[in-house]
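Notes for the structure review
If you want the building blocks of each chain, they are given just below.
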Amino acid sequence: MSRNGDIRGFFGKPAGRSTSQSIPATSSQPDPDPQLQISTPRTPPKSTPKPRDRTDEIRGSDDEDGDSDDSLESIFAFIERKHGPAPHRRDPNLNCTPKAKRIASTPAANLNSPLTIQPKHKFNLKDLVSHARQFERAEESARRTDELINQSEDDDDDDSHSQILTEVQNDPTLLQKTAKKLLKDDEEDAKGDKLMRAMNRTKVDGSHRLCYFFNLEQPLFKPPRGPFPQKRAKGCWRCLADSRTRNQAIISGLPHTIVAKGRALPDEIFLWVLGEACVERNAQLRVQYGNLVALCPNSIARLVTTSRLYSMLEKLGGPKYSRSQTHVKLQSFPKLDDPYPQKDWTGLVTFLELLERMAPHLSTENTIGAIQLLVRMALDPVVSTTVRSEHTAATEALVSALPKLGTSQWDEASEAISLYLYESVDAPVNQVVPISFMPNTTAKHADLRRRMAAVALFRDTELCRKPVDETLTVDDIMGELDAPAFRVSQATDFEALRALVALLDVVLGSAGFVMRRHAGAAEDAGRRFDADVDALTRRLKLVHDKIHDSTLLSRKVAKASIDLVAKRLTYAVRTRPPPKTSIFDFEAREEDVNVPKQRAFMKNWAQKKAERGAAAAADGEGSNGGVDGGAT
């Protein structure tokens, strides 16, 4: 056998049996090399080796451009035929985000260069933002168009609907019928009653009227402003003559420096600055206007009057000053949800802050007028929602500037303020609002609050001329609690009851008038004082227990306010806390007048029974003795 022959011919296979195996060609090799095909002839042919050149490349190497894995296809096919099909393997990339290219493929990306190449995105962020804004504008335009169309359709039916709603709300019988119709169930009448009670619980009380301080009409966008007094801008004040540089000079503090060096600010310029402080839109100018006014105490004492303060607020929509000596009742309006839509209250904040700084330099008459102005302003709901802290600070500064407590000037000032509140406001619901906004930080504030509350609660103007502790007694409080205003019935206005309880709480204070009553008894003064306070607490508890708070919210608020006053008397006004009791202790109750008679009757009955028993025992012993003697 030739050395270079096929080795399979050595085994001598039968002539009738021949096998022919061929490696299937893959799709990547349409023309396989005939020398690579393996054949099994009956007699193996002799082949002569072909000389190879050392420069020839081995087919299927890594340096070749073609695919080097083409020959593995036949091996995989052989294994599949021998061992069966390979098990199915799930693609791990099915649940993954496809890895798409985020940047454009550019020839510069394939360059091997140390320079940093900035990739260019396939989308432009500015274009995307512009498209999003354009889409939002289109959506907003469509929404506004729909609102205008719906509003034009509903305007025709507003009058008829409002009239029907008014009739239903004012007529309880019609309200109940409407509630039953809404349920569409005539079999159960109780459902209509339940719905009507639920509507009453959530119904807003439209009978409550408020006194608005500012004009309810739409305010002017630019309030009227006075001209600058050019004639007074002379000498050292020439820096304010030019309108182009005036604002910058004020912001830089040039007029403040001149005033600090002892030069008096002209009255005309002072009044111009005072008028511009509330209407100026520039925040820096407003601050400098206030600082300049505060540097002129003499001008404040001479020029700032009550009418001047009203004129400052008149530019913001406030009322005009009335020179009448008699106090006219303030006009009230039904409660509005938004009385001042889109109104800027920056000027009001500036006015209250400026008034707080001017308070120590005002005269007594102008201070009383300023307090009355703040009392009237407190009736407006905007104070409680927007400028509560500034209003309280201004009131505290003005009350502190009044004459000393205990003097006749203080009594006159307190009388003027108390009478203004009582004569100008007609309902306790509104009278209690300015009193509640007034601070209670010092003795002067507490005394003024108690005088104002006493006049409003007892409707007696004599109570404002002296301190409350010198005029009131416990019997006066008890008599007021027995008045019809504190009696709970079906027709009780619980908003008014809550206001009366709040006034009573202010009048009681620390109950100094109760302590004055027992000042003579030095030993039992504390015990008697606590007994009187407990009597007031029990009387309030009777009013508290008569209120059924299962329906209206106003009932719950009134009941909670009464409970708060009772607890304050028990734990803050008493000289010592009430004694603690357990469930095993007997309740201390007052002895009934019939108890002594009953006790004497039982004593006599027990004594007679004992006598009858003793007599019966004596008779039994005597009879037994006679029988024994006869037997012997």
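What this report covers is the structure whose coordinates are included nearby. (Residues numbered from 1 in each chain as written. Predicted model: local features only at pLDDT ≥ 70, side-chain atom pairs only at ≥ 80, totals over all residues. Heavy atoms only, no water.)

**Looking at helix H17 (residues 443-458)**
Helix length check: H17, at 16 residues, gives a terminal C-alpha distance of 22 Å against a target of 22 Å (1.5 Å per residue), a fit within 8%. Within H17, 14 of the 16 residues are buried, which leaves it mostly tucked inside the rest of the structure. Residue Arg459 follows H17 closely and has a positive phi angle near 55 degrees. (Helix = DSSP H or I, 4+ residues; strand = E, 2+ residues; numbered from the N terminus. Expected span 1.5 Å × (residues − 1). Buried < 20%, exposed > 50% of the residue type's maximum accessible area, 1.4 Å probe, protein only.)

**Some points on the side chain of Asp530**
As for its position among the elements, Asp530 is in helix H22 (residues 525-545). Here Asp530 occupies a buried position and makes no salt bridge, while the nearest side chain of opposite charge, Arg574, is found at 4.1 Å. Apart from the residues within four sequence positions on either side, Asp530 is in contact with Arg574, Thr575 and Arg576. (Lys, Arg positive; Asp, Glu negative; His and termini not counted. Salt bridge = Lys/Arg side-chain N within 4 Å of Asp/Glu carboxyl O. Contact = heavy atoms within 4.5 Å.)

**Quick look at the packing of aromatic side chains**
What characterises a pair of aromatic rings is the spacing of the ring centres plus the angle enclosed by the ring planes. This structure, assessed with the given rule, holds nine aromatic pairs. Measuring from centroid to centroid gives 6.3 Å for Tyr212 and Tyr340, while their planes differ by 85 degrees, and the two rings are edge-to-face. With a gap of 128 residues between them, Tyr212 in the loop between strand S1 (209-210) and helix H5 (243-252) and Tyr340 in the loop between strand S2 (333-334) and helix H11 (346-358) connect regions that are remote in the sequence. Assigned by exposure class, Tyr212 and Tyr340 land together as buried. (Phe/Tyr/Trp six-rings, centres within 6.5 Å; stacked < 30°, edge-to-face > 60°.)

**Digging into empty space enclosed by the protein**
In this structure the tally under the stated criterion is two cavities of 30 Å³ or more. Estimates place the volume of the largest cavity at around 40 Å³. In terms of lining, the largest cavity is formed by Ile371, Leu374, Val375, His391, Thr395, Pro434, Phe437 and Met438. Secondary-structure elements contributing two or more residues to the lining of the largest cavity are helix H12 (364-378), helix H14 (388-400) and helix H16 (428-437). In terms of residue count, H12 provides more of the lining of the largest cavity than any other element does, three residues in total. Among the residues forming the lining of the largest cavity, the class breakdown is six nonpolar, two polar and no charged. (1 Å grid on protein atoms, 1.4 Å probe; cavity = no way out; pocket = protein on both sides within 12 Å on 5 of 7 lines; lining within 4 Å. Points joined across faces, edges and corners; volume = space filled by probe spheres on them. Nonpolar A, V, L, I, M, F, W, Y, C, P; charged D, E, K, R; others polar.)

**Considerations on the nonpolar core**
The tendency in soluble globular proteins is for nonpolar side chains to be buried as a group. Within the largest apolar cluster, 115 residues are counted, with the highest numbers of intra-cluster contacts made by Phe351, Met377 and Ile477. The element best represented in this core is helix H20 (residues 494-508), accounting for 11 residues. Among residues more than four places away in sequence, those in contact with Phe351 are Cys278, Leu309, Met312, Leu313, Leu373 and Met377. (Core = buried A, V, L, I, M, F, W, Y, C linked by side-chain atoms within 4.5 Å.)

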